[in-house]
Amino acid sequence: MTIVQRLNARAKAKIHSLQEAFVLAGHALRFIFARPFYWQDLVQQMDAIGVQSLGIVVLTGFFTGMVLALQSAVQMRRFGATTYVGSLVSASMIRELGPVLAGLMVAGRVGSGIAAQLGSMRVTQQIDALNVMGTDPIKKLVTPRVLAALIMLPALTVINDLAGILGGSLIAKVYVQLPVSLYWSTVWDQISNGGFLFTIIPNDFVHGLFKPFVFGGIISLTACHYGLRTTGGTEGVGISTTRTVVAASILILVVDYFITQTLLAVLG
Amino acid sequence: MTTPDEREPLASELPVSEPNITETPPPADDTTIDRRSTERRSDEPEAPTSGTPQTPRRQVRRVRAAIRHELDVDRESEPVQEGLPVIELRDVSLAFERPILDSVSFQAYGGETIVVVGESGTGKSTILKLILRLLTPDHGGVFVHGRDISKLSFEEALQIRQHMGMVFQGAALFDSLSVFENVAYPLREHTMLADDEIEARVRETLHFVDLDPDQVMELSPAELSGGMQKRVGIARGLAANPEIMLYDEPTSGLDPLTTATITHLILKLQRELHVTSIVVSHDIRSAFRMASKVALLSQHHITFFGTPEEMASSDDRYIQSFLGGY
């Protein structure tokens with residue numbers, strides 16, 4: 001096989017894989033509205049994706065908020081602008097760091113778990129067994145995971161944002177000696193100055209909640225896609241897991257830029 | 001708060017064997033199988049002494065004697081072939097990057113057990129996937145009750161599969177579910193049975209496969225031995241009363257005693273439930289014991305299709321060399 005033929009074959013395989021991912025996404029989203037509903041699986045997945053990720057999300061949010069406040073206070077002190085630490089922390093956390101950090105944490109913790117679980121099911125013929133018993137594996141396995149991620153990632157992001165702003169508040173009080181009330185009033189000023197959608201929904205919240213919703217879809221679909229395509233036994237499961245975390249993390253960062261660009265153009 | 005003594009044992013601390021799990025003793029007619037598996041009977045042909053060279057003619061005689069012995073024991077009488085075949089493969093060809101099946105045809109009538117044998121990589125398991133409509137042929141048709149299932153939509157194929165049970169090579173039990181939930185799965189998915197009716201049916205099927213429901217129902221598949229997993233797999237396949245049972249290497253990786261028990265179970269299904277079965281197997285001994293007909297796959301097509309008696313008496317050189325390993 002010549003180099004050109006090999007490149008051609010690899011390109012075809014990549015495009016085929018991309019096509020499969022889109023077909024999977026289409027089926028998974030369509031099945032949200034089709035019977036039968038696997039409520040029990042949905043609740044289980046919401047627990048696995050959301051509740052069980054609370055610890056790492058709170059921890060990363062809290063320390064990110066603290067370090068953000070610390071770094072900005074050092075820089076702002078030079079200009080006598082330390083009173084704006086709250087604004088900076090809240091804007092960064094709500095618009096960017098909250099969604100992205102929660103997304104990356106969930107991609108690492110949950111995405112790898114989903115890929116490993118579905119990959120193991122694939123190599124031990126459990127997916128075939130579902131098919132044989134007249135169950136659509138996408139409806140049974142993929143749709144509950146995607147729906148759970150779409151619901152839980154925005155919820156985790158809100159908690160991450162709160163933890164970050166609280167962490168910033170602690171540093172503002174201890175390190176900058178900023179009154180807590182002043183810190184929180186600058187947080188609110190930042191939110192209200194960002195503008196409102198339909199006069200009641202702060203634009204910061206639109207940024208902060210739309211992104212994790214998309215990231216939830218990216219993580220769950222990437223993990224399900226690689227998990228269901230697993231071949232080659234336990235080694236294949238490891239490869240699928242690694243690919244999931246790498247692809248989901250990169251996609252989150254790339255898509256984040258484009259969402260931000262679009263939302264800034266639309267909302268200002 | 002739990003004290004160190006109260007905590008649940010870690011997986012690594014649990015005993016590897018199953019000291020508390022006892023299997024239901026096999027029925028009386030099982031003893032023949034079990035005894036034969038471990039002891040040589042007086043009328044059984046003597047195994048060749050290692051190191052003693054055999055002439056081809058002598059080897060053929062030995063193989064035929066062994067097969068005759070197998071056919072004399074524990075076999076069901078031929079089911080009557082009437083009406084349409086339950087399963088029919090008609091001139092089926094399939095290729096991916098290389099040919100998998102080439103003009104494969106055979107029929108399975110109601111209550112028959114067709115055992116597909118052949119060398120590794122000849123497309124035996126592909127036949128099961130075609131019958132399940134997990135694959136569609138490039139050419140030819142796969143008919144179930146006279147209906148070409150290769151032309152069905154995905155949703156229609158799911159419905160057809162509800163009338164089939166499948167036992168996988170590695171059992172393929174759902175490891176996140178208990179034995180009870182595994183066997184109950186097809187009932188929960190496709191019937192409106194109440195919980196107590198489901199439990200009764202699960203108990204019944206576990207009894208049928210000689211497992212004690214009270215001892216195994218709450219266990220996870222990982223806590224079962226290979227043979228028990230296979231039996232739970234058969235119970236799961238049977239739970240929804242399928243008309244067709246498909247087995248992919250049901251005895252592979254099992255010790256001779258468990259192999260005999262699983263073979264007996266497949267025969268029991270044939271006798272008591274008159275299920276039409278397709279068995280893919282490497283195990284010629286079990287194949288002869290359970291087959292109504294044997295299909296020998298070689299070079300991607302069927303080189304022999306007939307009764308075990310016909311196969312044993314065939315003078316075809318390939319068949320004889322295939323049986324030579326028996």
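Our subject is the structure listed above.
In every chain, residue numbers begin from 1 and rise along the written sequence. Naming scheme: in the order in which they are written, chains are lettered from A and ligands are numbered from 1. The predicted origin of the model limits local features to residues at a pLDDT of at least 70 and limits the giving and counting of side-chain atom pairs to 80 or more, whereas totals for whole chains, interfaces and linings rest on all residues. The side-chain numbers reported here are obtained from all heavy atoms of the structure, hydrogens and water having been left aside.

### Some thoughts on the interface of chain A and chain B
Moving on, step 1. Taken together, the contact between chain A and chain B spans 15 residues of the former and 20 residues of the latter.
Moving on, step 2. In this assembly, chain A packs against chain B so that about 1500 Å² is buried in total across both faces, 59% of it on carbon and sulfur atoms.
Moving on, step 3. Together, Gln126, Val132 and Met133 of chain A form the three largest contributors to the area buried by chain A at its contact with chain B, with a combined 41%.
Moving on, step 4. When a carboxyl oxygen of Asp or Glu is within 4 Å of a side-chain nitrogen of Lys or Arg, the pair counts as a salt bridge. Counting every contact that joins chain A to chain B gives zero salt bridges.
Moving on, step 5. We define a polar contact as two N or O atoms separated by no more than 3.5 Å, with the added condition that, inside protein, one atom must be a possible hydrogen donor and the other a possible acceptor, whereas residues neighbouring each other in sequence contribute only through side-chain atom pairs. For the interface between chain A and chain B, the tally reads six residue pairs in polar contact (both at pLDDT 80 or more). Contact between two residues is taken to exist if any of their heavy atoms lie within 4.5 Å; hydrogens are not considered. The term buried area means the drop in 1.4 Å probe accessible area that two parts suffer when joined, counted for both and summed.

### Section: the sheet that holds strand S4 (residues 139-144) of chain B
All names here are of chain B.
Moving on, step 1. With antiparallel pairing, the four strands of this open sheet are ordered in space as S2-S1-S4-S5. Only two strands of the sheet have a single partner each, and these edge strands are strand S2 (99-108) and strand S5 (147-148).
Moving on, step 2. When DSSP finds two or more bridges between a pair of strands, those strands are recorded as paired. By definition, any uninterrupted DSSP run of H or I lasting at least four residues is a helix, any uninterrupted run of E lasting at least two residues is a strand, and each is numbered from the N terminus. By the bridge criterion, five bridges tie strand S1 (residues 87-95) to S4 in an arrangement that is antiparallel. The residue of S4 that forms the bridge with Ser93 is His139.
Moving on, step 3. Axis angles are defined between N-to-C directions and span 0 to 180 degrees, where every axis is a line fitted to C-alpha atoms and, for a helix, only to the segment in contact. Against the sheet, helix H3 (residues 124-131) contacts S1, S2 and S4, and its axis sits at roughly 65° relative to S2.

### Considering the pattern of salt bridges
Moving on, step 1. Scanning the model with the defined rule gives 15 salt bridges over all chains in all.
Moving on, step 2. In this structure, the salt-bridge partner of Arg95 of chain A is Asp204 of chain A, at a minimum N-O distance of 2.4 Å. On the criterion of sequence distance, the pair formed by Arg95 of chain A in helix H4 (residues 85-123) and Asp204 of chain A in helix H8 (residues 203-228) is long-range, its members being 109 residues apart.
Moving on, step 3. The rule is simple: take the accessible area with a 1.4 Å probe, protein chains only, and divide by the maximum for that residue type; under 20% is buried, over 50% is exposed, in between is partly exposed. The class of Arg95 of chain A is buried, set by a relative accessible area of 17%.
Moving on, step 4. Note on Asp204 of chain A: relative accessible area 0%, which makes it buried.
Moving on, step 5. Measuring nitrogen to oxygen at the nearest pair gives 3.0 Å for the salt bridge that ties Asp148 of chain B to Lys151 of chain B.

### A short note on a nonpolar patch on the surface
All names here are of chain A.
Moving on, step 1. The grouping of Val158, Leu162, Phe198, Ile200, Ile201, Phe205 and Leu209 at the surface amounts to a nonpolar patch, some 670 Å² of accessible area in total.
Moving on, step 2. Contributing elements (two or more residues each) for the nonpolar patch: helix H6 (137-174) and H8.
Moving on, step 3. Along the polypeptide, Phe198 turns up in the loop between strand S1 (196-197) and strand S2 (201-202).
Moving on, step 4. Residue classification places Phe198 among the exposed positions, given a relative accessible area of 65%. Patch membership needs two things, relative accessible area over 30% and no salt bridge, and members are linked within 9 Å if like-charged or within 5 Å if nonpolar (Val, Leu, Ile, Met, Phe, Trp, Tyr). Values of accessible area rely on a 1.4 Å probe in the Shrake-Rupley scheme; residue burial ignores everything except the protein chains shown.

### Notes on the side chain of Thr230 of chain A
Residues and elements named next belong to chain A.
Moving on, step 1. Positionally, Thr230 belongs in the loop between H8 and helix H9 (233-267).
Moving on, step 2. On the basis of relative accessibility, which here comes to 2%, the residue Thr230 falls in the buried class.
Moving on, step 3. Polar side-chain contacts of Thr230 include one of 2.8 Å to the side chain of Ser240.
Moving on, step 4. If sequence neighbours within four positions are ignored, Thr230 has contacts with Gly119, Arg122, Val123, Gly236, Val237 and Ser240.

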